[in-house]
Structure formats: structure tokens, C-alpha cells
Amino acid sequence: LPVLITGETGTGKQLVAAAIHALSGRRSGPFMVMHCVALSEQLLENELFGRGADASGPERPGNLELAAGGTLFLDEIGELNLGAQAKLLRALETRRVVRVGEQGERAIDLRIVAATNHAIEDAVQAGSFRRDLYFRLTGAKLWLPPLRDRPRELPILAQRFHLARAGVEHGIRVV
């Protein structure tokens, strides 16, 4: 089941994605993180789909292959351009990828957890985010409220950060 996590920057979307992975049947597989912001279309394709033997540079699998059996967390999915969205949608629908510079398809088996701090529904309405990809990503949808709306968590976070820092300074592992 794919999951889309929304919320402001700093709300802990990546931590929630890691928890989803750790509590899933895919926990023995890898948990990979890919930041979608500020990547050129070519670099994004290489990172997602990999490079084939016919492409320039060494052959290598992309993150969709490397996350086999596990979870790929696509952070800031709302930043993908429409071309990359179409290619990602095809890979998710067919469960197959084509490495850049290759013709043959490769099977993929992974869970996608995506996140955005944008009003993704507005982007769908405006046509800057594909409706079909949005529906493909929202098997489940989570909204994380901002920390200012979660005051009970602030003492816990303050204690955790302080203890962690003190542990590092004194060579003690803080759990």
C-alpha cells in the first residue's frame, strides 16, 4: 500500500516514513530515501531508474531497483516535473523499470512512501501534478500537524535532543 505523507517542513515526515517501514512486512528490506527537490530531469531519471550499459557512465541500478523488498521514501514528491511524474507513474503501474539507455524492462518490488509540504491537491487541480499519479500514491494518506499544534511533544523532543547531544559529547549511547 503506497502512502502519501503531507505536512509542513520539519514535522517529521521522514521519521514517519521510517516508522512505517520498520513496522511493515518489508522491514527486513532496505529503507531508502530520495530527495526529489533540485534534481535535473536527467539526474532524477538516473537516480530513480538507473543507467543501462548503453548509457554514458557506468551501469548501475536506480533507487527503484535498489529498494527491492523494502521501501523507497520519495521526499518532496510535489517537486517532480510532469515528465518525471509520467515515468514514475508508469513504473508504479507496471512494477517494471527501464534503465536510462536500455531497452529491456526490469521487475521491481517495493513500497513507495512519498511526502510533500505543498498542498498537493491544489497542484492536481492546477495541472502541475498528475491526478493519476496522485491517486496511485495515496493508498493511504497521512497529514502531520505542525509542531506548534503539538505542544505535548515539545518537552519530549527537547529532552531527546539534549540527551542525544550530551551522549555524543561524553561518548555515551542514548537510546
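If you're wondering where the values come from, they're calculated on a predicted model, not measured in any experiment.

Rules used in this analysis
Residues numbered from 1 in each chain as written. Predicted model: local features only at pLDDT ≥ 70, side-chain atom pairs only at ≥ 80, totals over all residues. Heavy atoms only, no water. Phe/Tyr/Trp six-rings, centres within 6.5 Å; stacked < 30°, edge-to-face > 60°. Helix = DSSP H or I, 4+ residues; strand = E, 2+ residues; numbered from the N terminus. Buried < 20%, exposed > 50% of the residue type's maximum accessible area, 1.4 Å probe, protein only. Core = buried A, V, L, I, M, F, W, Y, C linked by side-chain atoms within 4.5 Å. Contact = heavy atoms within 4.5 Å.

A. Representation of the packing of aromatic side chains. Tallied over the entire structure, the rule returns 2 aromatic pairs. For the pair Phe31 and Phe73, a centre-to-centre distance of 6.4 Å together with 20 degrees between the ring planes defines the contact as stacked. Highlighted residues: Phe31 in strand E2 (residues 31-35) and Phe73 in strand E5 (residues 71-75), separated in sequence by 42 residues. Centroid distance Tyr134 to Phe135: 5.4 Å. Interplanar angle 65 degrees. Geometry classified as edge-to-face. Overall, the relative accessible area of 52% leaves Phe135 in the exposed class.

B. Spotlight on the nonpolar core. In terms of nonpolar packing, the biggest core is built from 30 residues, with Leu64, Leu72, Leu74, Ile77 and Phe129 touching the most fellow members. Mapped by element, the contributors of at least two residues to this core are E2, helix H2 (41-49), E5, helix H4 (82-94), strand E8 (111-116), helix H5 (120-126) and helix H6 (131-137). The dominant element in this core, judged by the number of residues it contributes, is H4, at 5 residues. Beyond its immediate sequence surroundings of up to four residues, Leu74 is in contact with Met34, Cys36, Leu48, Leu88, Ile112, Val113, Ala114 and Ala115. Counting residues in hydrophobic clusters, the runner-up holds 8 residues, among them Val3, Phe73, Val113 and Leu144.

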